[in-house]
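Summary of the model geometry
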Amino acid sequence: MTYSKDLSIIIPLFNEEESLPELISWIDQVVKREGYSYEVIMIDDGSRDGSWNVIKDLSKTYPAIRGIQFRRNYGKSAALYHGFAEAEGRVVFTMDADLQDSPEEIPEMYKMVVEQGYDVVSGWKQKRQDNKLTKNLPSKLYNATARWITGIKLHDMNCGLKAYKNEVVKDIEVYGEMHRYIPYLAKNAGYEKITEKPVHHQKRKYGVSKFGLERFVNGFLDLLSLWFLSTFGKKPMHFFGFTGILMFLAGGIMAVWIIIAKLIHQASGVHFRAVTDQPLFYLALVAVIIGVMLFLAGFICELVSRNSSERNKYNIKERL
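Reference entry: report on the structure contained in this document. The shown structure was predicted, so the numbers you read here are calculated from the model rather than taken from an experiment. (Residues numbered from 1 in each chain as written. Predicted model: local features only at pLDDT ≥ 70, side-chain atom pairs only at ≥ 80, totals over all residues. Heavy atoms only, no water.)

This paragraph deals with the overall build of the protein. Counting its secondary structure elements, the protein contains ten helices and seven strands. In the protein, which comprises 320 residues, the proportion classed as buried is 44%. When contacts within the protein are restricted to residue pairs at least 6 apart in sequence, those whose partners lie at least 24 apart make up 79%. Carbon and sulfur atoms make up 58% of the accessible area of the protein, which totals about 17,700 Å². (Helix = DSSP H or I, 4+ residues; strand = E, 2+ residues; numbered from the N terminus. Buried < 20%, exposed > 50% of the residue type's maximum accessible area, 1.4 Å probe, protein only. Contact = heavy atoms within 4.5 Å. Areas by Shrake-Rupley, 256 points an atom, 1.4 Å probe, with all protein chains shown as cover.)

Right under this line is the structure:
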């Protein structure tokens with residue numbers, strides 16, 4: 001496959017007018033020094049400052065700049081989705097607009113993709129320049145959980161600085177808040193050569209962070225959703241049906257055991273409690289009902305899955 005450019009650098013941004021001129025100048029210096037052909041795709045995610053005007057002014061000085069402006073703030077995933085669709089470079093980079101990601105990392109990450117054959121190279125901010133209490137500690141817990149669930153040994157899953165083969169970003173769909181888990185999306189699409197590179201992390205020079213502590217809670221919930229969809233998305237009956245059968249059998253066994261115990265005590269002349277007087281009997285009925293509902297939910301999910309337009313969508317690596 002031939003590409004029109006060596007690099008595509010995708011920069012989602014929201015209210016970052018002060019940092020943009022310095023960032024673009026820095027990128028241009030690094031890329032020209034290495035002799036790469038490149039494009040910078042800047043997605044203005046509904047900024048309320050003068051970011052879009054700055055992008056338009058920069059495009060007059062730097063012909064490599066392309067811009068997309070959203071009418072409102074849709075989120076980073078939406079910005080990356082459009083950026084990936086527009087990317088024409090052999091290697092696609094993502095980078096935050098706040099100057100905390102260093103463009104000096106681009107050449108080495110480019111070589112790791114092109115020369116060493118990695119599908120995804122994720123940045124690893126070993127020495128973060130953020131508040132340790134509100135960023136570092138939650139980030140370590142978040143990344144440890146992500147490594148355990150996804151099986152991808154990355155220390156910094158959510159680092160904004162990443163490099164991808166072009167075909168990787170064309171074969172995945174980023175939506176909702178799934179930008180945090182693009183390496184996992186890539187793995188599920190069949191791209192398993194994923195690695196990381198320690199990168200220099202700088203203090204924010206302008207403005208304030210757009211993310212709060214709630215992103216860690218939301219990120220964990222998104223991770224569970226993504227894990228469930230990737231594991232049972234095309235076979236929901238395997239989860240709901242199996243769980244439903246277990247609940248049904250557990251409830252049924254408890255109910256039968258209570259009834260048999262009552263009959264034995266009654267036949268032996270031993271004092272016994274009525275079945276309906278035992279709380280365990282009602283728990284057994286609840287388990288049976290939940291089991292039936294889960295089983296039916298599995299059937300409904302199977303019907304939805306089998307009627308999905310992407311039920312037979314598979315990524316083909318090569319043809320002869």
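On the surface, Ile 245, Phe 248, Leu 249, Ile 253, Val 292, Leu 296 and Phe 299 cluster together into a nonpolar patch covering about 650 Å² of accessible area. Secondary structure elements with two or more residues in the nonpolar patch: helix H9 (236-268) and helix H10 (279-306). By residue number, the principal contributor to the nonpolar patch is H9, which donates four residues. Residue placement: Ile 253 occurs in helix H9. (Patch = residues over 30% accessible without salt bridge, like charges linked within 9 Å, V, L, I, M, F, W, Y side chains within 5 Å. Salt bridge = Lys/Arg side-chain N within 4 Å of Asp/Glu carboxyl O.)

Pairing between the strands of a sheet comes from backbone hydrogen bonds, and it takes one of two forms, parallel or antiparallel. Pairing is mixed in the open sheet, where seven strands are placed in the order S3-S2-S1-S4-S6-S5-S7. At either end of the open sheet lies a strand with only one pairing partner, and these are strand S3 (65-69) and strand S7 (194-198). Sheet twist, expressed as the average angle between the axes of neighbouring strands with direction ignored, equals 20°. Against the sheet, helix H2 (residues 51-61) touches strand S1 (5-13), strand S2 (38-44) and S3, its axis set at about 155° to S3. (Pairing = 2+ DSSP bridges. Axes fitted to C-alpha atoms, helices over the stretch in contact; angles between N-to-C directions.)

What follows concerns the pattern of salt bridges. In total, this model carries nine salt bridges according to the counting rule given. Salt-bridge contacts for Glu 104 lead to Arg 33; the nearest nitrogen and oxygen are separated by 2.9 Å. Residue Glu 104 is found in the loop between strand S4 (89-94) and helix H4 (106-114), and its partner Arg 33 is found in helix H1 (residues 20-34); the two are separated by 71 residues along the sequence. Classification of Glu 104 by relative accessible area gives partly exposed; the value is 36%. Between Asp 119 and Lys 165 there is a salt bridge; the shortest N-O distance is 3.3 Å. In this pair, Asp 119 sits in the loop between H4 and strand S5 (120-124) while Lys 165 sits in strand S6 (residues 162-165), placing the two residues 46 residues apart along the sequence. For Asp 119, a relative accessible area of 8% gives the class buried. When salt bridges with common partners are traced through the structure, they connect Arg 33, Glu 34 and Glu 104 into a single cluster.

Remark: a regular strand shows side chains that alternate across the two faces of the sheet. Relative to S6, S4 is paired through four bridges, and the arrangement is antiparallel. Paired with Thr 94 across the strands is Lys 162, a residue of S6. Pairing of S5 with S6 involves three bridges; the strand directions are antiparallel. Its bridge partner lying in S6, Ser 122 is registered against Lys 162.

Turning next to unusual backbone geometry. Most peptide bonds take the trans form, and the phi angle of most residues other than glycine is negative. Notably, Asn 15 is not glycine yet its phi reads approximately 55°, a positive angle. Its location among the elements puts Asn 15 in the loop between S1 and H1. The partly exposed category is assigned to Asn 15, whose relative accessible area is 22%. A positive phi angle is found at Leu 99, which is not glycine, with a value near 70°.

In total, this model carries one cavity of 30 Å³ or more according to the counting rule given. Roughly 80 Å³ of volume is contained in the largest cavity. Lining the largest cavity are Lys 76, Leu 80, Thr 94, Asn 158, Cys 159, Gly 160, Lys 162, Tyr 164, His 179, Arg 180 and Ile 182. For the lining of the largest cavity, the secondary-structure elements that each account for two or more residues are helix H3 (76-86) and S6. Of the residues in the lining of the largest cavity, the class split is four nonpolar, four polar and three charged. (1 Å grid on protein atoms, 1.4 Å probe; cavity = no way out; pocket = protein on both sides within 12 Å on 5 of 7 lines; lining within 4 Å. Points joined across faces, edges and corners; volume = space filled by probe spheres on them. Nonpolar A, V, L, I, M, F, W, Y, C, P; charged D, E, K, R; others polar.)

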